[in-house]
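# Observations on the model geometry
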Amino acid sequence: GIQVEQSPPDLILQEGANSTLRCNFSDSVNNLQWFHQNPWGQLINLFYIPSGTKQNGRLSATTVATERYSLLYISSSQTTDSGVYFCAVGQGGTASKLTFGTGTRLQVTL
Amino acid sequence: NAGVTQTPKFRVLKTGQSMTLLCAQDMNHEYMYWYRQDPGMGLRLIHYSVGEGTTAKGEVPDGYNVSRLKKQNFLLGLESAAPSQTSVYFCASSYPPGQGRGEQYFGPGTRLTVT
């Protein structure tokens, strides 16, 4: 099956810093989503982005499908950004079947 | 709108017992999913449904059964629980992916321990 690798696995930032999280995948996809799991375990959908660029406030994401990677940018980080960020991909006619990466754990400190 | 809700929130089972987890969504989504999350790992798909009356296997379906009798509900059953099924279970729902939508929305999770 498709492989999804996220980097870095862990990241510690001071409040106000910017960061870039990367998601590489081993095959072509037509579904790619980014999620944030907060410290209480709740999963929030950040972006549905099989290709192109989207922005939502301090967060933006870019997927370059032809080169099999996606980037999540966090600007002016806040302590509430802490948690685990997951990338998940789906392929072909079963694109709704998502394969998740193992995540990037982000800690934002004061 | 409540979004996606799951009951119960916590459960402890003894090996061999059975239970059913209930997921409900009020967003009129066609697709629903059950995932499990083990410590330090991403989520893995157990079963999913693309519409009322349909179900299909995901990545880790063994030991679980599902039913989708109503569009808004998706049930996950464990017929004979095993310690390997200790996990956090998440339900999600979405529109069919494509045409600029397909975001999966998740419930709060059910923490299951099998002793």
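The coordinates are above.
Anyway, here's the lowdown on the structure attached to this text. Since we're looking at a predicted model, the values are computed, not measured.

Cut-off values and rules
Residues numbered from 1 in each chain as written. Chains lettered and ligands numbered in written order. Predicted model: local features only at pLDDT ≥ 70, side-chain atom pairs only at ≥ 80, totals over all residues. Heavy atoms only, no water. Pairing = 2+ DSSP bridges. Helix = DSSP H or I, 4+ residues; strand = E, 2+ residues; numbered from the N terminus. Axes fitted to C-alpha atoms, helices over the stretch in contact; angles between N-to-C directions. Contact = heavy atoms within 4.5 Å. Buried area = accessible area lost by both parts, 1.4 Å probe. Salt bridge = Lys/Arg side-chain N within 4 Å of Asp/Glu carboxyl O. Polar contact = N/O pair within 3.5 Å; in protein donor to acceptor, adjacent residues only side chain to side chain. Nonpolar A, V, L, I, M, F, W, Y, C, P; charged D, E, K, R; others polar. Disulfide = S-S within 2.5 Å. Buried < 20%, exposed > 50% of the residue type's maximum accessible area, 1.4 Å probe, protein only.

## Some details on the sheet that holds strand 7 (residues 59-64) of chain A
All names here are of chain A.
- Spatially, five strands are ordered 1-3-8-7-6 in an open sheet, and the strand pairing comes out antiparallel. Every other strand in the sheet has two partners, leaving strand 1 (4-7) and strand 6 (52-56) as the edge strands with one partner each. Between one strand axis and the next, the sheet turns through 15 degrees on average, direction left out of account.

## Looking at the interface of chain B and chain A
- Taken together, the 22 residues of chain B in the interface contact 18 residues of chain A.
- Interface of chain B and chain A: buried area, both sides summed, is about 1,600 Å²; carbon and sulfur atoms make up 58% of it.
- Our count for the chain B to chain A interface comes out at zero salt bridges.
- Inspection of the region where chain B meets chain A yields seven residue pairs in polar contact (both at pLDDT 80 or more).
- Of all elements in the fold, only strand 4 (31-37) and strand 5 (43-49) of chain B reach the threshold of two or more residues within the side of chain B that touches chain A.
- For the side of chain B that touches chain A, the element with the highest residue contribution is strand 4 of chain B, accounting for four residues.
- Counted by class, the side of chain B that touches chain A contains eleven nonpolar, eight polar and three charged residues.

## Some points on the state of the cysteines
- Under the definition given, this model contains two disulfides over all chains.
- Sulfur-sulfur distance for the disulfide between Cys23 of chain A and Cys87 of chain A comes to 2.0 Å. Here Cys23 of chain A and Cys87 of chain A share a disulfide; its torsion about the S-S bond, -60 degrees, makes the bridge left-handed. Pair noted here: Cys23 of chain A is in strand 3 (residues 19-25) and Cys87 of chain A is in strand 9 (residues 83-90), with a separation of 64 residues, a long-range link. The exposure classification of Cys23 of chain A matches that of Cys87 of chain A, with both residues buried.
- Each sulfur in the disulfide pair Cys23 of chain B and Cys91 of chain B lies 1.8 Å from the other.

## Description of the pairing of strand 5 of chain B
All names here are of chain B.
- Counting buried residues along strand 5, six of its seven residues qualify, which places the element largely inside the surrounding structure.
- Adjacent in sequence and paired antiparallel, strand 4 and strand 5 are bridged by five residues, among which Gly40 carries a positive phi angle near 75 degrees.
- Where strand 5 meets strand 6 (residues 56-57), two bridges bridge the pair, whose relative direction is antiparallel. From the neighbouring strand, His47 faces strand 6, where its bridge partner is Lys57.

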